[in-house]
Amino acid sequence: MSPALKLCPNDILDELENSYGQYHRNNENMDYFYQLEVWKGNISGALRVARQRDELSDWLVAMAPMASFETWTSVCEDYAIQLETDGQYHKAASYFLACHKVYEAIRLFKRHKLFKEAIALAKVRLSPLDPALEELYTLWAQQLTKDGNLEQAAKCHLAMRQVQDAAKLLARRYDQSSLRTAAHISIIANDKQQGLMYTQRVVQQHLLQNEWGLAYQFLEKNKEWQVYLATSSMHEMVSCELTSLGLLQIEPAHFSHWDQRPSNKSALP
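Residues numbered from 1 in each chain as written. Predicted model: local features only at pLDDT ≥ 70, side-chain atom pairs only at ≥ 80, totals over all residues. Heavy atoms only, no water.

(A) Main features of the confidence of the model for the protein. When pLDDT is averaged across the protein, the result is 83; 84% of the residues are at 70 or more. Helix 1 (residues 3–6) is the least confidently modelled element of the protein, averaging 46 in pLDDT, while helix 8 (residues 102–111) averages 97, the highest of any element. Note that pLDDT drops below 50 for residues 1–17; the model gives that stretch five contacts with residues more than four away or on any other chain. (pLDDT = per-residue confidence, 0-100. Helix = DSSP H or I, 4+ residues; strand = E, 2+ residues; numbered from the N terminus. Contact = heavy atoms within 4.5 Å.)

(B) A look at the side chain of S186. Here S186 shows up in helix 13 (residues 176–188). Classification of S186 as buried rests on a relative accessible area of 2%. A distance of 2.8 Å separates a polar side-chain atom of S186 from the backbone oxygen of A182. In this view, S186 contacts A167, D191, Q194, G195 and Y198; residues no more than four positions away in its chain are not counted. (Buried < 20%, exposed > 50% of the residue type's maximum accessible area, 1.4 Å probe, protein only. Polar contact = N/O pair within 3.5 Å; in protein donor to acceptor, adjacent residues only side chain to side chain.)

(C) Local environment of helix 14 (residues 192–208). With 17 residues, helix 14 should cover 24 Å at 1.5 Å per step; its first-to-last C-alpha distance of 24 Å lies within 8% of that length. Within helix 14 the residues assigned to the buried category are Q194, G195, L196, Y198, T199, V202, V203, Q205, H206 and L207. Contacts made by the buried residues of helix 14 are with helix 12 (163–171), helix 13, helix 15 (212–219) and helix 16 (229–244). Positive backbone phi, at 60°, marks N210, one or two positions downstream of helix 14. (Expected span 1.5 Å × (residues − 1).)

Laid out in C-alpha cells, this is it:
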C-alpha cells in the first residue's frame with residue numbers, strides 16, 4: 001500500500017490545504033494565502049506573515065478580533081506604522097486612534113509637519129491645559145515664520161496668549177495694515193509702550209505720504225494714540241505754509257479743512 005493510502009481522510013485534507021497555501025505563498029498570491037489561513041482559523045499565523053511582509057490590510061485588521069482584542073489593538077498599531085511608511089498619514093492617524101493611541105497620532109502629524117491636523121486633533125481629544133497643545137502651536141508658528149506666513153504665525157502666538165510676539169511678527173511687514181493691527185492688539189493687551197511705538201510708525205508713514213486725514217482718522221480711534229495728534233497737525237500746518245511759499249509742491253486736496261474738523265478733537269486749530 002502506498003504511503004498516501006495510509007493517511008486518514010482528515011490528514012489528506014490537511015496536507016492538501018497546506019500544499020495549496022504553500023503554493024500560493026511561493027507564487028506570491030498572498031491574498032489567496034491569507035484567505036486560506038483565515039478559513040482555517042489561523043488568524044494569528046496570517047497576521048504574523050502579513051506583518052513580516054508589511055502587507056497588512058483593512059480586511060486583515062478587521063479579522064484580527066477573531067484572535068483576541070489584544071491582537072486587534074496590536075495589529076492596528078502595526079498597520080498605522082505601515083501606513084505612515086507608505087505616506088498615508090491621515091489613515092494612519094485613524095488607526096492609531098482606533099487603538100487609543102491619541103498621542104501617537106498627534107506625534108505622527110507633528111513628524112510630518114502637518115501642524116493644522118495635529119492641533120485640530122489635540123483640541124478635540126486633549127485637555128486645553130495639556131502642554132502638547134502649546135508645543136504644537138509653537139512649532140507651527142516657527143514653521144510659518146520660516147515660510148514667510150507671518151499673519152498665520154501671529155495667530156498661533158495669539159492662541160497661546162503671546163500678544164507681544166504676535167505684534168512683533170506683524171510689525172515686520174512694515175505696511176499700514178500690519179502696523180495698525182500690531183498697535184491694536186498691543187493696546188488690547190495693555191502693552192501701552194509697544195502700542196505707541198507701532199502707532200508712531202503708522203503716523204510716520206501717513207505723514208511721509210502727506211496723508212494727514214488718514215492719520216487723524218487712525219489716531220482718533222484710541223485715546224492712548226492721540227498724543228500724536230498735535231504732532232501730526234503741526235506737520236500739516238508747516239507743510240501747508242511751505243507749500244504757500246513755493247518751497248514744497250503738494251496738491252491742495254491733501255490738506256485738511258480746519259473749519260470743518262470737530263472742535264473737541266485734540267488737534268491744533
